[in-house]
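Coordinates in review
So you can see what is in the structure, the chains are spelled out below.
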Amino acid sequence: MTLFRQIMIAIVFFGLIVFSVVGYLNFNSLNNYINDQLGTNARHTANSLGLSIKSVADMDDLSMVETMMNSIFDSGYYQMIRLDDIDDKVLLENSQEINVDAIPDWFINMIRLNAPIQSSEIMTGWAKFGTLYVQGNTGLAYYQLYNGMKDIFYALLAMFIAMLICTYFALKAIFRPLNEVRKQAEAIRDSNFIIQERIPYTKDLKDIVVAMNSMVYKVKAIFDKESDTFNKYQEILYKDSLSGLYNRRYFQTKVSEYINTEEYSSGTIMLLGFKDFIALKKSLGFEKWQSLTIKISHILQEKIDTSKYFGFASKLNDNDFSVLLVGTSSKQLSEMSKFIMNEIKNSFKIFGIDENENLVNMALVDYHPKTDMRSLMTIADVTLANARMDGNFCIREYNLNTNSILLGKEKYRELIMKSMQNDMFKFAGQNVIDGDKIEHTEIYLRLVDEYGKWQMASYFMPMVSELELGATLDLHVLERASNMIINQNINNAIAINLGKDIITSDVNFIKLCALFKKIGSNLKNKVYIEIPNKDDIAIGSIVKLTNAMKEFGLKLGLDHFEFNQSGTNRLKQINPSYVKIRAANLTEFFDGKDIDEVKKSLDIIMGLRNIKIIGIGVESQEQKDRLLEFGITSMQGIYIDETKNIG
């Protein structure tokens, strides 16, 4: 129970006690007052009526006395008026039962009023005529007491409610800084760093808030410092200092990585080659040559950013640039390649370069899961050489992808939709191992073709992306996974991959949350939602997704994480349970001379965020041993566990 609730309960409890005591004291005071009034009125009436009767007292004729008594009794203020003789024999008596229609029976039964009987002796000369007895009507007393207590109750109730409302909002105002401190503490637990801008005026609360802010500032400063160290190291390792593009080392690393992944294992490489680009430095001068290099880099990067494909640009050497785009083919990039060549031709005119003396060509080469890296680059170089034979600014395509479906778009759309309806999409799984323990099983999507063969994602995902069916397919995958969880067909933790389309889709977000709820309500083991670590996915969409996942008990994982500025910046705003990094990338990253400093920075960054690193794509004992040297024990890959068809 929160401190706010405890204080509110205590205030309500003591408030009830105070108002109960006040109500009880008011009741006793009013009750005593009414009883005194009944006695006083009865005494005054007995005395005044007794004096009146004295003047007409006659034992032989009591009619006049009776008339006087009746006139007083008929007023209704008296319960009994009686005249006794000297021998206590009743001469005359008027009485009535208590009858109060406006008062509830429970009140009369609970509050017993006994009106006092007052008497007055009637004398005729020196002789005693008799005794007059008068008792007030308790019905009137009940009526006055009930209405008086009702007014007091309503007044106390109104005061009590007003007190609670004032106390509630007062405590809310007082506890607002503490509530923010609680959020800070919860955020720190989740490895997020929140600074509280509003500092309370109350000294004790102010000290707490300032102390929390100071701690968060220090932790955040450590994280930022180590992130900067990582970013600088990454730029030295993977960036071309002149163009700002990635270098050849990064290009080769990523191509090898993509070829060995499920979702990125097919795509196209654009190889842009200049015959003698370095020679332009002499004719243009260094500054203009540098500006031209940056201009070409901007052209390539801008086309990637404005396209619907995911990829990156690199400067391979003094003469060659490259663009790698995932999930596409050379046929689909024909217009993009022509646009790039036209932009370069226009740039030559701007810089005063004779286009006939400076050859520029492009080769488009497809790759697929079984492509050998060395063969791929050889084919790209040969294709570029053939393009040069065709003339300046010519483009050659080489379609290497032999594992694709040759159908029209509408036929392909029909195939995908029917495959979902007929349950032709199946699951394969590969375990993530930590020592001898299975941490979770990553779920891969397969399509059973017309021959009954289970095809990998690279077989159908390019056209799924082209037809913009990614969100629809992801919803189908989640629905199918939820059914497997409900039917207990999966006995350990699983990781389900979601693509960019469903993450950024506001239209499908309600459906996505409904499936999260369905999965969360049937959780027996942990369920991780893996998302790609892509720069083109807005951080706001990821935060929105993670908040929905947290509500239903699902965990987040980042797939294909990279040690770069966008990656570390993303970790500042979201807090995944783990990040998956290619084993080859980790090995290469830690092979530098500053390995101890880099390893220390990595440990601090991941330790502050409580994020586990999983080395993926482990293909040999050597890679496994290297990961263990780096302190990474969670691994995935064909050497660790084979991918198996689940169903």
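Coordinates for the structure precede this section.
Scope of this entry: the structure provided in the associated data block. Quantities reported herein were computed from a predicted structural model and do not represent experimental measurements. Each residue is numbered by its place in its chain's sequence as written, counting from 1. Only residues with pLDDT of at least 70 get local features here, since the model is predicted, and only at 80 or more are side-chain atom pairs given and counted; chain-wide, interface and lining totals rely on the full set of residues. Water and hydrogen atoms play no part in the side-chain values, which are based on all heavy atoms of the structure.

For the rest of this paragraph, the subject is the overall build of the protein. On a plain count of helices and strands, the protein comes out with 20 helices and 20 strands. Relative to a compact globule of 647 residues, whose C-alpha radius of gyration would be 26 Å, the protein shows 46 Å and is clearly more extended. Along the three orthogonal principal directions, the C-alpha set of the protein runs to about 155 × 60 × 55 Å. Counting every position in the protein, which comprises 647 residues, the buried fraction comes to 48%. Strands are runs of DSSP state E lasting at least 2 residues, helices are runs of H or I lasting at least 4, and numbering of each runs from the N terminus. With the radius of gyration taken over C-alpha atoms, the globule rule is written as 2.2 Å times the number of residues to the power 0.38. Only protein chains enter the accessibility calculation, which uses a 1.4 Å probe; a residue whose area is less than 20% of its type maximum is buried, one above 50% is exposed, and one in between is partly exposed.

Bringing the side chain of threonine 293 into the picture now. One can find threonine 293 in helix 8 (residues 286-306). On the basis of relative accessible area, threonine 293 is assigned to the buried category, the value being 0%. Whenever a nitrogen or oxygen atom comes within 3.5 Å of another N or O atom, the pair is scored as a polar contact, on the condition that within protein one atom can donate a hydrogen and the other can accept it, and that pairs from neighbouring residues in sequence are kept only if both atoms are in side chains. Engagement of the side chain of threonine 293 in a polar contact is seen with the backbone oxygen of tryptophan 289, the distance being 2.9 Å. The criterion used for residue contact is that any of the two residues' heavy atoms lie within 4.5 Å. Discounting chain neighbours no more than four positions away, the residues touching threonine 293 are Leu242, Ser243, Phe277, Lys315 and Phe321.

Quick look at the pairing of strand 4 (residues 127-136) now. Of all 10 residues in strand 4, seven are buried; the element is thus mostly enclosed. In this scheme, strands are said to pair when DSSP sees at least two bridges between them. Taken together, the six bridges between strand 1 (residues 78-84) and strand 4 define a ladder with antiparallel strand orientation. For isoleucine 81, the partnering residue across the bridge sits in strand 4 and is valine 134.

Now for helix 10 (residues 373-390). Multiplying one less than the number of residues by 1.5 Å gives the expected span of a helix. Over its 18 residues, helix 10 extends 26 Å from the first C-alpha to the last, a length consistent with the 26 Å expected when each residue adds 1.5 Å. For helix 10, the set of buried residues is Met373, Leu376, Met377, Ala380, Thr383, Leu384 and Ala387. Projected down its long axis, helix 10 carries its buried residues within an arc of 125°, all on one side. In this structure, helix 10 carries Arg374 and Met389 as exposed residues pointing more than 90 degrees from its buried face. Here the buried face of helix 10 lies against helix 6 (248-259), strand 6 (267-274), strand 8 (320-326), strand 9 (360-367) and strand 10 (395-398). Glycine 391 sits one or two positions beyond helix 10 and adopts a positive phi of about 125°. By construction, the arc corresponds to the directions joining the helix axis to the C-beta atoms.

In this section: the sheet that holds strand 4. Note: strands within a sheet are paired through backbone hydrogen bonds, in either parallel or antiparallel orientation. Pairing is antiparallel across the open sheet formed by four strands, whose spatial order is 2-1-4-3. One side of each edge strand has no neighbouring strand; the edge strands of this open sheet are strand 2 (90-95) and strand 3 (117-124). Direction aside, the axes of adjacent strands within the sheet are offset by 15° on average. Relative to strand 2, strand 1 is paired through five bridges, and the arrangement is antiparallel. The residue bridging isoleucine 81 from the neighbouring strand is asparagine 94, located in strand 2. The strands touched by helix 1 (residues 3-54) within the sheet are strand 1, strand 3 and strand 4, with strand 3 carrying the most contacts at an inclination of about 15°. A fitted line through C-alpha atoms serves as each axis, taken over the contacting stretch for helices, and the angle formed by two N-to-C directions is quoted from 0 to 180°. Contacts from helix 2 (residues 63-73) reach strand 1 and strand 2, with the element oriented near 165° to strand 1.

Below, the discussion takes up the packing of aromatic side chains. Within 6.5 Å between ring centres, the rings of Phe, Tyr and Trp (the latter by its six-membered ring) count as paired, and their orientation is classed by plane angle as stacked under 30 degrees, edge-to-face over 60, tilted in between. Going through the model one piece at a time under the given rule, you end up with 17 aromatic pairs. Ring centres of tyrosine 246 and phenylalanine 312 lie 5.9 Å apart, and the angle between their planes is 85°; on these two criteria the pair is classed as edge-to-face. Of the two residues, tyrosine 246 sits in strand 5 (residues 246-247) while phenylalanine 312 sits in strand 7 (residues 310-315), which places them 66 residues apart along the sequence. Residue classification places tyrosine 246 among the buried positions, given a relative accessible area of 14%. With a relative accessible area of 5%, phenylalanine 312 lands in the buried category. Geometrically, the ring pair formed by phenylalanine 348 and phenylalanine 393 is edge-to-face, given 6.1 Å between the ring centres and 65° between the ring planes. Here phenylalanine 348 is found in helix 9 (residues 334-350), whereas its partner phenylalanine 393 is found in the loop between helix 10 and strand 10, with 45 residues between them in sequence. Under the relative-accessibility criterion, phenylalanine 393 is labelled buried at 12%. Among the aromatic residues, those joined into a ring-pair cluster are Phe274, Phe277, Phe286, Trp289, Phe321, Phe348 and Phe393. Two limits define a charge over a ring: the Lys NZ or Arg CZ must be within 6 Å of the ring centre, and within 35 degrees of the ring normal. Here the guanidinium or amino end of lysine 544 rests over the ring plane of phenylalanine 509, the centre of that ring lying 4.3 Å away.

This next bit is on the pattern of salt bridges. Salt bridge, as used here, is a side-chain nitrogen of Lys or Arg placed within 4 Å of a carboxyl oxygen of Asp or Glu. Per the stated rule, a full pass over the model turns up 15 salt bridges. Taking the shortest distance from any N to any O, the salt bridge between lysine 518 and glutamate 479 comes out at 2.6 Å. Here lysine 518, found in helix 15 (residues 509-520), pairs with glutamate 479, found in helix 13 (residues 470-486); they are 39 residues apart in sequence, far enough to count as distant. Among the residues examined, lysine 518 registers a relative accessible area of 25% and is labelled partly exposed. Given the relative accessible area of 31%, glutamate 479 is considered partly exposed. Several salt bridges share partner residues, and in doing so they unite Asp423, Lys426 and Arg480 into one network.

Attention now goes to the side chain of serine 482. With respect to the element layout, serine 482 can be found in helix 13. Exposure remark for serine 482: the relative accessible area of 1% places this residue in the buried category. Looking at serine 482, its side chain comes within polar contact range of the main-chain oxygen of glutamate 479, at 2.6 Å. Apart from the residues lying within four places of it in its own chain, the contact partners of serine 482 are Lys518 and Ile519.

Another aspect to go through is the sheet that holds strand 5. Across the sheet, which stays open at both edges, the six strands sit in the order 5-7-8-6-9-10 with mixed pairing between neighbours. Sheet topology places strand 5 and strand 10 at the edges, where each strand pairs with a single neighbour. Two elements, strand 7 and strand 8, share six bridges in a ladder whose sense is antiparallel. Looking at strand 8, one finds that glycine 311 is bridged to leucine 325.

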